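Descriptive analysis of the structure
What follows is the residue order along each chain.
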Amino acid sequence: MDQLRFLDQVQHEGPADGVSLAVRIRGALDAHVLATVLRELASRHAVDDLAEPVLQVHDLAAPPGDAREAELRHHVEALSKETAAARMSSLRAALLRHDDEDHVLLLAVHGTAAGPGSYDALLDGLRTHYEATAGAVDMLCSSLEETLTAIWCEVLGVEEVGPDDNFFLLGGHSLLATRMMLTIEELLGPKVSVRTLFENATVGRLAPRVGEAMTEADRARLLSVFEATAQA
């Protein structure tokens, strides 16, 4: 995350404890992970018990140049005013998407989270927690795909299954689909409907759906198994 040069001095000129900041993020970005990290960070600086960040995602319509800079400034000012009005939140955020690997994150902070030198700590914490959370998500996805691949091979009676291989084109049918989903529930925890398999008939597409249905305890158990296997 690198601070935008042309926005690095932008501050909300209303209440003294309200400040805005923009950072550019290059590379692939998972907005869901970012929202989770922002929520965790906000809980540490909450003005009150209702504090919760709002991450709004916007696609930038303006082309590069002055028009886009004006659009960015418009979003910064709007977010600052919104934060100043909503005193229940110490941190609010908006994500402006140029393309899949170029984003601008706008942060509006007030109260205890906007003290002197707080931005460096905020950005360092944001970067560290995002990388850790994204790493855990990647590990979970890899673990899920590996486990689902093993289940598919057993249920279908085949030696190999690729992430894009279709369950039904490999010989699967409704009875095998039911058996597979019961096995997933037994081994991984979540109860996932057979319809989900029909709509996501590859390991690559099914793994995220299974992950969404897992509880934190389910995820922790799966990761602990794979971490123990990796260390063995």
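Small disclaimer: the values here were computed from a predicted structure and weren't measured.

1. Regarding the overall build of the chain
- When its secondary structure is counted, the chain shows seven helices and five strands.
- A burial count over the chain gives 43% of its 232 residues as buried.
- For the chain, the share of sequence-separated contacts (at least 6 apart) that also reach a separation of at least 24 residues comes to 64%.
- Approximately 12700 Å² of the chain is accessible, and the part contributed by carbon and sulfur atoms is 52%.

2. With respect to the nonpolar core
- Within the largest apolar cluster, 25 residues are counted, with the highest numbers of intra-cluster contacts made by Leu148, Trp152, Met180, Ile184 and Val210.
- At eight residues, the largest contribution of residues to this core is made by helix H3 (residues 118-156).
- The residues contacting tryptophan 152, other than those within four sequence positions of it, are Gly157, Val161, Asp165, Asn166, Phe167, Met180, Leu197, Ala201, Thr202, Val203 and Leu206.

3. Comments concerning the pattern of salt bridges
- For the coordinates displayed, the defined rule picks out eight salt bridges.
- Taking the shortest distance from any N to any O, the salt bridge between glutamate 212 and arginine 209 comes out at 2.7 Å. Note that glutamate 212 and arginine 209 are positioned in helix H6 (residues 203-213) at a spacing of three residues, about one turn of the helix.
- It is possible to trace a salt-bridge network through shared partners that takes in Arg24, Arg26 and Asp102.

4. Examining the packing of aromatic side chains
- A complete count under the given rule lists three aromatic pairs for this structure.
- Ring centres 5.2 Å apart and planes at 70° place the aromatic pair tryptophan 152 and phenylalanine 167 in the edge-to-face group. Taken as a pair, tryptophan 152 in helix H3 and phenylalanine 167 in the loop between H3 and helix H4 (174-188) lie far apart in primary sequence, 15 residues in all.
- For phenylalanine 167, a relative accessible area of 0% gives the class buried.
- An aromatic cluster of at least three residues, connected via ring pairs, comprises Trp152, Phe167, Phe168 and Phe198.

5. Here's the deal with H6
- For H6, every residue scored as buried is listed here: Val203, Leu206, Ala207, Val210 and Gly211. The buried residues of H6 occupy an angular sector of 140° when projected down its axis, which confines them to one face.

6. Some words on the environment of alanine 22
- Inspection of the secondary structure puts alanine 22 in strand E2 (residues 18-26).
- Taking the C-alpha atoms as reference points, alanine 22 and arginine 73, 51 residues apart in sequence, are found 9.5 Å from one another.

7. Comments concerning the side chain of threonine 196
- Within the secondary structure, threonine 196 is located in helix H5 (residues 194-199).
- Judged by relative accessible area, threonine 196 falls into the buried class, the value being 17%.
- If we ignore the near neighbours within four places in the chain, the residues touching threonine 196 are Leu206 and Arg209.

8. Regarding the pairing of strand E4 (residues 91-99)
- For E4, the buried fraction is high: seven of the nine residues fall into the buried class.
- Examined bridge by bridge, strand E3 (residues 55-59) and E4 share five bridges and lie parallel to one another. Paired with valine 57 across the two strands is leucine 95, which belongs to E4.

9. Things to note about the environment of leucine 55
- Relative to the helices and strands, leucine 55 is located in strand E3.
- Residue class for leucine 55 comes out partly exposed when judged on its relative accessible area of 21%.
- Residues leucine 55 and leucine 105, spaced 50 residues apart in sequence, show a C-alpha to C-alpha distance of 9.3 Å.

What counts, and at which threshold
- Residues numbered from 1 in each chain as written.
- Predicted model: local features only at pLDDT ≥ 70, side-chain atom pairs only at ≥ 80, totals over all residues.
- Heavy atoms only, no water.
- Helix = DSSP H or I, 4+ residues; strand = E, 2+ residues; numbered from the N terminus.
- Buried < 20%, exposed > 50% of the residue type's maximum accessible area, 1.4 Å probe, protein only.
- Contact = heavy atoms within 4.5 Å.
- Areas by Shrake-Rupley, 256 points an atom, 1.4 Å probe, with all protein chains shown as cover.
- Core = buried A, V, L, I, M, F, W, Y, C linked by side-chain atoms within 4.5 Å.
- Salt bridge = Lys/Arg side-chain N within 4 Å of Asp/Glu carboxyl O.
- Phe/Tyr/Trp six-rings, centres within 6.5 Å; stacked < 30°, edge-to-face > 60°.
- Arc of directions from axis to C-beta.
- Pairing = 2+ DSSP bridges.

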